[in-house]
Amino acid sequence: KTTLTRWVDDKYAALSTVFKEKLSNIENLTLTTDMWSETMSMRSFLGITAHFGVGNELLSITLKVYPSNERHTSEHIAEMLLNTCTEWGIDRDKISSVVTDNAANMIKAIDLAFGKKHIPCFAHTLNLVAQNSMQQCTELRSLITKVKDIVTWFKQSNIASNELRKATQKETKLIQEVPTRWNSTYHMIERFLELRTIVNDIIIRYKNAPPMLTASELSILSSVLQVLRPIEAATKEVSADKYCTSSKPRYWIPGLKKCILRTQLLATIQNEVVESDSSDHSDKPEDNFSLWDDHHKLVHKSWKTVKSDDAISDELSIYLRSPAGRLNENPLEIWNDLKIQLPKLHTIAYKYLTMVGTSVPSERLFSKAAQIFLEHPLTHKRADNDSAVVGVIDNQKLWFVWSVRS
């Protein structure tokens, strides 16, 4: 065990040296950070990741996981962020942005450490909009509660769960809503509607089972699913860190607004609850739905209005006359091809395109850490003081080595 730990430490030291050299040549870095509490030992950790572009690729690295035994004040968080930059030899002027959730202490910490460089996590903000909208609709919350009660009953009944498993080809299970998990309401409703016939056949055979939803209530859920579907699609696409994400939301917002307004969720719920309209609404995904519909229209319009004027020579005018790139093309590759022709715009574009749109990378880090604590619940006891490396950090080194090697 001691030998393995030494090997991991040596490997980590070697790889961190390589990345320090690589980071020293990077002009613009984006950081993501998030706090996480391990419930078994009630300890908190701050995770920090860095994201940057090299050539036509976006690269990511886990910089640090700090054990935090103090209050989560903005001053304390700012100090940990700056200490991380110092440890990795990162000039804080090279930090182009820091992406976190909307917590007040996080926003202030970024201002203290780096100035006005905070970017709110788009996925977090988008899901807050969805959650707040549903919370304001009493009828909808009541309906979702009925679904949750049914899901809970299946989770607590071995007999009902076994019947559900046998009745589905792939042993599909119902999904429970988790308030802290993005889009969990969407996934719960989607799976419930998918299995509604089987669920109904099982529920009617048990006296202690919660009541099944009526036809009109199922119709309302189908409408709700249509509202939440674009939010789920946007969250999934913007949560990546291997391709450009920071520039995408501005093209989606018009489409998201139109989709929600077109569906008219609140009006649908009020009308259908009162009138008990049992009309059948399809709960299947719209095959022609796309977050990029409005963008496609703008691109098509720009192709028709592009004008050629050889007298215009400044970079911006040349760029505006250029045709729009295709969605399946790598923006970094496009701008690297334009570097000689548009050197100033290339510098600006590269800075912003290498930013990430969410703080998901640091949150994924804690998903891995949670798994480590569940598998090795005693590893966190290795820490003797604040400067010691706790178990999750050791395992984080292992994960870091695996990430780089893969």
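Since the structure is predicted, the reported quantities are computational estimates derived from the model, not experimental observations. (Residues numbered from 1 in each chain as written. Predicted model: local features only at pLDDT ≥ 70, side-chain atom pairs only at ≥ 80, totals over all residues. Heavy atoms only, no water.)

**Section: the packing of aromatic side chains**
Part 1 of the reasoning: A full pass over the atoms with the stated rule returns 4 aromatic pairs.
Part 2 of the reasoning: Ring-pair connections join several aromatic residues into one group, and the members of that group are Trp153, Phe154 and Tyr206. (Phe/Tyr/Trp six-rings, centres within 6.5 Å; stacked < 30°, edge-to-face > 60°.)

**With respect to the packing of helix H7 (residues 184–194) against helix H9 (residues 215–238)**
Part 1 of the reasoning: Contact geometry for H7 and H9: axes closest at 9 Å, N-to-C directions at 135°. The angle between the axes of H7 and H9 places the two elements in the oblique class. Both H7 and H9 take part in a crossing whose hand is left-handed. Here Thr185, Tyr186, His187, Ile189, Glu190, Phe192 and Leu193 of H7 lie close against H9, whose contacting residues are Leu218, Leu221, Ser222, Val224, Leu225, Leu228, Arg229 and Glu232.
Part 2 of the reasoning: Of the residues contributing to the contact of H7 with H9, the split by class is 9 nonpolar, 3 polar and 3 charged. (Axes fitted to C-alpha atoms, helices over the stretch in contact; angles between N-to-C directions. Helix = DSSP H or I, 4+ residues; strand = E, 2+ residues; numbered from the N terminus. Parallel < 35°, antiparallel > 145°, perpendicular 65-115°, else oblique. Left-handed = near helix turned anticlockwise from the far one by under 90°. Contact = heavy atoms within 4.5 Å. Nonpolar A, V, L, I, M, F, W, Y, C, P; charged D, E, K, R; others polar.)

**Considerations on the sheet that holds strand E2 (residues 43–54)**
Part 1 of the reasoning: Spatially, E3-E2-E1-E4-E5 is the arrangement adopted by the 5 strands of the open sheet, whose pairing is mixed. Of all the strands in the sheet, the pair left with one neighbour each is strand E3 (57–68) and strand E5 (118–120). Averaged over all adjacent pairs, the angle separating strand axes in this sheet is 25°, with direction ignored.
Part 2 of the reasoning: Most of the contacts of helix H3 (residues 104–114) go to strand E4 (residues 95–100), to which it runs at about 165°, and overall it touches strand E1 (29–38), E2, E4 and E5. (Pairing = 2+ DSSP bridges.)

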